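Report on the structure
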Amino acid sequence: MSIWGRIREGVTELSWGSLFGLDDASGHALAHADTQARPAGAKQVGFTIAVIALGAKMAKADGVVTDTEIRAFHQVFKAPPEERANVDFFFDLARRSTTGAETYARQAAKLLDGHKLVLEDLLGALFHIARADGTFAPAEDDYLRRIAQIFGFGETEYRRIRSFHLGAETGSIVEDDPYLILGVADTASDDEIKARWRHLVRENHPDRAMAQGLPAEFVSIATAKLARINAAYEKLKPNRGET
């Protein structure tokens, strides 16, 4: 049975919010979820559910789900063509679910404990959906900030991640500060900045996304992110007298 078949089977047997032991709104495991008896592959199923739900609620964050946002979701969370109907079903189910986005964010964070780079990639996919309609509404900013906090990212880290994916192109709410993008202080030495740049290039290289088994569509997000990192470094070089 495919992962989508297992999810559909679970939705039939349990409520959407409690499928395979998703936490409740308070962060506690639901009473009837037996975490020791989950079927093989349940971790992948649980993560897939969380990702679909976060994407659906991202699209709904500004109050209106547009066709453009739905297309953006499918660009980064692509399933085989024969499973597209199932993805649409789960997306619509999650969009209408009363279970809050925070519940699914906690589930993703728990399943990816210790893999903050993958959580950052997941945030990047949500930014891709948010910017799909050409605007970045305050409600979308609030939504992503809440999810980032649950993922373990502080405010400065959130601003850095946001600048990776949006830059200055969506208005003054988003910074395009090269120091922020690289995550260094403006008092950092040339050697410190170069070392940080090299570290970010290694961490955010598209090949890493493929090596970690992320969806192929994450590669395009990583490529855009890497380009912004390189652009930030290039912007600092002339200001510091480098050639």
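The structure this text deals with has already been given above.
Quick look at the structure, then. (Residues numbered from 1 in each chain as written. Predicted model: local features only at pLDDT ≥ 70, side-chain atom pairs only at ≥ 80, totals over all residues. Heavy atoms only, no water.)

**Points about the overall build of the protein**
The number of helices and strands found in the protein is twelve helices and zero strands. In sequence order, the secondary structure elements of the protein are arranged as α-α-α-α-α-α-α-α-α-α-α-α. Counting all 243 residues of the protein, 47% fall into the buried class. For the protein, restricting intrachain contacts to residue pairs at least 6 apart in sequence, the fraction spanning at least 24 positions comes to 70%. (Helix = DSSP H or I, 4+ residues; strand = E, 2+ residues; numbered from the N terminus. Buried < 20%, exposed > 50% of the residue type's maximum accessible area, 1.4 Å probe, protein only. Contact = heavy atoms within 4.5 Å.)

**A closer look at the nonpolar core**
Generally speaking, nonpolar side chains in soluble globular proteins are found buried as a group. Counting residues in each nonpolar core, the largest one holds 45 residues, and the members touching the most others are Leu54, Leu123, Leu144, Ile147 and Phe151. Among the elements of the structure, helix 2 (42–60), helix 3 (67–76), helix 4 (84–96), helix 5 (101–111), helix 6 (116–130), helix 7 (138–150) and helix 8 (155–166) are those that each provide at least two residues to this core. In this structure, Phe164, Ala232, Tyr233 and Leu236 belong to the second largest nonpolar core, which totals twelve residues. (Core = buried A, V, L, I, M, F, W, Y, C linked by side-chain atoms within 4.5 Å.)

**A short note on the pattern of salt bridges**
This model, assessed by the stated rule, comprises nine salt bridges. Among the ionic pairs, arginine 96 bridges to aspartate 92, the shortest N-O distance being 3.0 Å. Here the residue arginine 96 and the residue aspartate 92 both occupy positions in helix 4, the gap between them amounting to four residues, near one helical turn. Residue classification places aspartate 92 among the partly exposed positions, given a relative accessible area of 24%. Aspartate 141 is the salt-bridge partner of arginine 162, the closest N and O atoms lying 3.1 Å from each other. Placement of the pair is arginine 162 in helix 8 and aspartate 141 in helix 7, with a sequence separation of 21 residues. Residue classification places arginine 162 among the buried positions, given a relative accessible area of 4%. Salt bridges linked by common partners bring Asp141, Arg145, Glu155 and Arg162 together as one network. (Salt bridge = Lys/Arg side-chain N within 4 Å of Asp/Glu carboxyl O.)

**Here's the deal with the packing of helix 5 against helix 7**
The contact between helix 5 and helix 7 brings their axes to 9 Å, and the two run at 35°. Where helix 5 crosses over helix 7, the handedness of that crossing is right-handed. Between helix 5 and helix 7, the contacting residues are Ala101, Glu102, Ala105, Arg106 and Ala109 on the first element and Tyr143, Arg146, Ile147 and Ile150 on the second. Here the contact of helix 5 with helix 7 is built from residues that sort into six nonpolar, no polar and three charged. (Axes fitted to C-alpha atoms, helices over the stretch in contact; angles between N-to-C directions. Left-handed = near helix turned anticlockwise from the far one by under 90°. Nonpolar A, V, L, I, M, F, W, Y, C, P; charged D, E, K, R; others polar.)

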